[in-house]
There are 2 protein chains.
Amino acid sequence: MRLSDKGELALVEALGRRFTKKVPGVVLGIGDDAAVVRPRGGNLLLTTDMMVEGVHFDPAWITPFQLGFKLVSVNVSDIYAMGGRPEYLLLDFAAPGDFDAKHFESFFRGLEEASKLYRLSLVGGDMSSADRIILSATVIGSAAKFVTRSGARPGDLIYVTGCLGDAACGLLILKKIGRPVEVEKGKRTGCGPGWATVGPLIRKHVMPLAKKPGSFLKSATSMMDISDGLFIDLTRLCKESGTGAKIFYEKIPLSDELREASAFWGMSAIDLATGGGEDYELLFTAPRDAKVGAICIGEITKRGLCTVDEKGNTKKISARGYQHFAI
Amino acid sequence: MRLSDKGELALVEALGRRFTKKVPGVVLGIGDDAAVVRPRGGNLLLTTDMMVEGVHFDPAWITPFQLGFKLVSVNVSDIYAMGGRPEYLLLDFAAPGDFDAKHFESFFRGLEEASKLYRLSLVGGDMSSADRIILSATVIGSAAKFVTRSGARPGDLIYVTGCLGDAACGLLILKKIGRPVEVEKGKRTGCGPGWATVGPLIRKHVMPLAKKPGSFLKSATSMMDISDGLFIDLTRLCKESGTGAKIFYEKIPLSDELREASAFWGMSAIDLATGGGEDYELLFTAPRDAKVGAICIGEITKRGLCTVDEKGNTKKISARGYQHFAI
């Protein structure tokens, strides 16, 4: 069964029945010209992210379920990175007419699972045919108080919420394996240093979890999520704050799995951690005296971006990481 | 100069400077993880539409300026069709790295012109490289009271806000001309029955104006915009309302330009008006006794969809119009 055997109207109707349940705040869901919602009061947060086949992902190494899950996570991550609470989801979906209806169903199961996890509701969207999969999601959230990228002050400490580089390493491993691994169904694959090592890395790439800020939210002076790579995202945060930064090189958290996989394949774990994207950990700053349950990796300075190692050697940071339209 | 000579960061920064002006309600615009806004109270309306090169448009007959303008119009039309007021715009933009920076600039000028016209603000988005132009816009609006597709009742009269079929005819003419016509710069082109006839038809296709509901809004029982074609959209409205409809065939408004162009090229004006999409006129219903400044084309019945001509001949309506994933 292909999508073209069903037709747009039938597909949209089925989604309407499936996702338009009685959710507090949703006045009118899928099926009209626009969705109607009544968000919680305070500030409304708006974010959108696009995922295009051949640019952001390759069906050769990600399943439709994972794709649906990831699309939601990367958007929710932006809301969390502002200190907000995700509420509503809009989806633009395009695929070829001969796209397998089973894959379509899997995609929406992944999207549904992530939506439940983050407690947000699909309320509308647009569906279209195209010669490849094109996805765009918009998440609407709310926040009583929000945290921007621009509030870091010299003397603040710099934190991350988890290990870096895993997602980038997971992608390299998937490229070696050359086919998707259905981690969501408990599928394992023998590869290199073994499943206990590669499994978590692959999962971090295909089904990333958006990190919800913990109790540190109240003391955070600036915050963003690491989507393009630590160094490029830190550069952005410092630019917005008008500051510099010093990163304690050895403090950058690397998982055991990343160390093992890197050693096995002769990759540089630290390069993956500083230049690899899609970790979706939070990067934030807080005053030196704040109690923060996260990993301190450096401090905000007046100007310049550098790393410093245990011996005190400093090295200038170049904003490595993924940038579209860069040569 | 190509986009890849500039890079994503520089492009986003330039857009941030350009669009992030002091607008009431916009707390934080382009440049952070999410935009922060404070919409007017009441109901929040959410809509999104995608435009993909080769599916929804062809650069062979639409200029980047027109594309930017149209993208905003089609989204605003959905907000107007609910009786709402557009407020904020999010944009996902993808194009090839060798996309001409001049075209990029033209696209944003078109988007800006439409945004000013409808008084809405670009507050965020996502930018990406791809092998073709992919656009997705989300518009957030507000409404004290909104009108759905589901409120039509038997006996209500059916109205449209303007002539139908012009946009579809304009597209056919552009395909004959085989190149874009810069109507926004006052460019004219000699073609068939002459510019006075083809100009308005072309403009209706490449730079449609979203129709803001007039004073009839207070008496409208159901409403939607005509984006896929009168018959398919009427079918949707009736399905949602649980009603039928009778359309007075001769009352369907046809412009003089459509009649002339159709006669010249031997096309069927009425087929274009009933099956052609992208007119973005409003289709709505109101009680028989309401005073309505719009064109009455029929009445809501209990069941069945048909047309009736002046001689009283009835004919069943088949839901013609554009549907993705339809064979």
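This structure is a prediction, so every number in the text was calculated from the model and none was measured.

### Overview of the interface of chain A and chain B
Part 1 of the argument: Contacts between chain A and chain B engage 59 residues on the former and 59 residues on the latter.
Part 2 of the argument: Taken together, the residues of the side of chain A that touches chain B sort by class into 32 nonpolar, 16 polar and 11 charged.
Part 3 of the argument: Strand direction decides the pairing type here: strand β3 (residues 43-52) of chain A and strand β2 (residues 35-37) of chain B, joined by three bridges, are antiparallel. Each residue of the ladder has a partner; that of A:Leu46, found in β2(B), is B:Ala35.

### Focus on the domain arrangement of chain A
All names here are of chain A.
Part 1 of the argument: By domain assignment, chain A separates into domain 1 (3-143) and domain 2 (157-316).
Part 2 of the argument: Using C-alpha coordinates to define each centre, domain 1 is positioned 27 Å away from domain 2.
Part 3 of the argument: Each partner contributes residues to the interface: domain 1 has 17 residues there, and domain 2 has 22 residues.
Part 4 of the argument: Here the element with the most residues in the side of domain 1 that touches domain 2 is helix α2 (residues 64-80); it accounts for 10 residues.
Part 5 of the argument: Looking at the side of domain 1 that touches domain 2, its residues break down into 10 nonpolar, five polar and two charged.

### Some points on unusual backbone geometry
Part 1 of the argument: Not every positive phi belongs to a glycine, and A:Tyr280 is a case in point at roughly 55 degrees.
Part 2 of the argument: Assignment of secondary structure puts A:Tyr280 in the loop between α8 (269-275) and β10 (282-286).
Part 3 of the argument: The class of A:Tyr280 is buried, set by 24 C-beta atoms lying within 10 Å.
Part 4 of the argument: Its identity is not glycine, yet B:Glu278 carries a phi of approximately 65 degrees, on the positive side.
Part 5 of the argument: Locating B:Glu278 in the fold gives a position in the loop between α8 (269-275) and β10 (282-286).

### So, helix α4 (residues 166-177) of chain B
Residue and element names in this part refer to chain B.
Part 1 of the argument: Over its 12 residues, α4 extends 16 Å from the first C-alpha to the last, a length consistent with the 16 Å expected when each residue adds 1.5 Å.
Part 2 of the argument: For α4, the complete set of buried residues consists of Asp166, Ala167, Ala168, Cys169, Gly170, Leu171, Ile173 and Leu174.
Part 3 of the argument: At its buried positions, α4 is contacted by α5 (195-206), α7 (256-265) and α8.
Part 4 of the argument: Phi turns positive, to about 80 degrees, at Gly178, one or two residues after α4.

### Some points on the confidence of the model for chain A
Part 1 of the argument: Looking at chain A as a whole, its pLDDT mean stands at 93, while 98% of the residues score no less than 70.
Part 2 of the argument: Among the prediction metrics, the complex's ipTM stands at 0.92, with pTM recorded as 0.94.

### Description of the packing of helix α4 (residues 166-177) of chain A against helix α7 (residues 256-265) of chain A
All names here are of chain A.
Part 1 of the argument: Contact pair α4 / α7: the axes reach a minimum separation of 10 Å and the direction vectors enclose 40 degrees. With respect to α7, the axis of α4 lies oblique. The interaxial crossing formed by α4 with α7 has left-handed handedness. Between α4 and α7, the residues in contact are Asp166, Cys169 and Ile173 and Glu257, Leu258, Ala261 and Ser262, respectively.
Part 2 of the argument: Here the residues of the contact of α4 with α7 are counted per class, giving four nonpolar, one polar and two charged.

### Side note on the sheet that holds strand β2 (residues 35-37) of chain A
Part 1 of the argument: Read from one edge to the other, the open sheet built from six strands follows the order β1(A)-β2(A)-β3(B)-β6(B)-β4(B)-β5(B), with strand pairing classed as mixed. The strands lining the two open edges of the sheet, one partner per strand, are β1 (26-28) of chain A together with β5 (121-129) of chain B. Each strand of the sheet is rotated relative to its neighbour by a mean of 20 degrees, with strand direction disregarded.

### Notes on the sheet that holds strand β7 (residues 157-160) of chain B
Residues and elements named next belong to chain B.
Part 1 of the argument: Taken together, seven strands build an open sheet; the order of strands is β8-β10-β7-β11-β9-β12-β13 and the sheet is mixed. Strands with a single pairing partner mark the edges of an open sheet, and in this sheet they are β8 (222-225) and β13 (314-316). In this sheet, adjacent strand axes meet at a mean angle of 25 degrees when their direction is disregarded.
Part 2 of the argument: Relative to β13, strand β12 (residues 305-308) runs antiparallel, the two being bridged by three bridges. Opposite Cys306, over in β13, you have Lys316 as the bridge partner.
Part 3 of the argument: The strands touched by helix α6 (residues 230-241) are β8, β9 (244-248), β10 and β12; relative to β8, the strand with the most contacts, the crossing angle is about 150 degrees.

### Focus: the relation of the copies chain A and chain B
Part 1 of the argument: Aligned on chain B, chain A shows an RMSD of 0.0 Å; the corresponding rotation is 180 degrees and the shift along the axis is 0.0 Å. Both copies of the chain, as the preceding transformation shows, are related through a two-fold rotation axis.
Part 2 of the argument: Both copies share a contact surface, since 100% of the interface residues of chain A are interface residues in chain B too.

Rules behind the numbers
- Residues numbered from 1 in each chain as written.
- Chains lettered and ligands numbered in written order.
- Predicted model: local features only at pLDDT ≥ 70, side-chain atom pairs only at ≥ 80, totals over all residues.
- Contact = placed C-beta atoms within 7 Å.
- Nonpolar A, V, L, I, M, F, W, Y, C, P; charged D, E, K, R; others polar.
- Pairing = 2+ DSSP bridges.
- Helix = DSSP H or I, 4+ residues; strand = E, 2+ residues; numbered from the N terminus.
- Domains from an automatic or database assignment.
- Buried ≥ 20, exposed ≤ 12 C-beta atoms within 10 Å, placed from the backbone.
- Expected span 1.5 Å × (residues − 1).
- pLDDT = per-residue confidence, 0-100.
- Axes fitted to C-alpha atoms, helices over the stretch in contact; angles between N-to-C directions.
- Parallel < 35°, antiparallel > 145°, perpendicular 65-115°, else oblique.
- Left-handed = near helix turned anticlockwise from the far one by under 90°.
- Least-squares fit on C-alpha atoms with pLDDT ≥ 70 in both.

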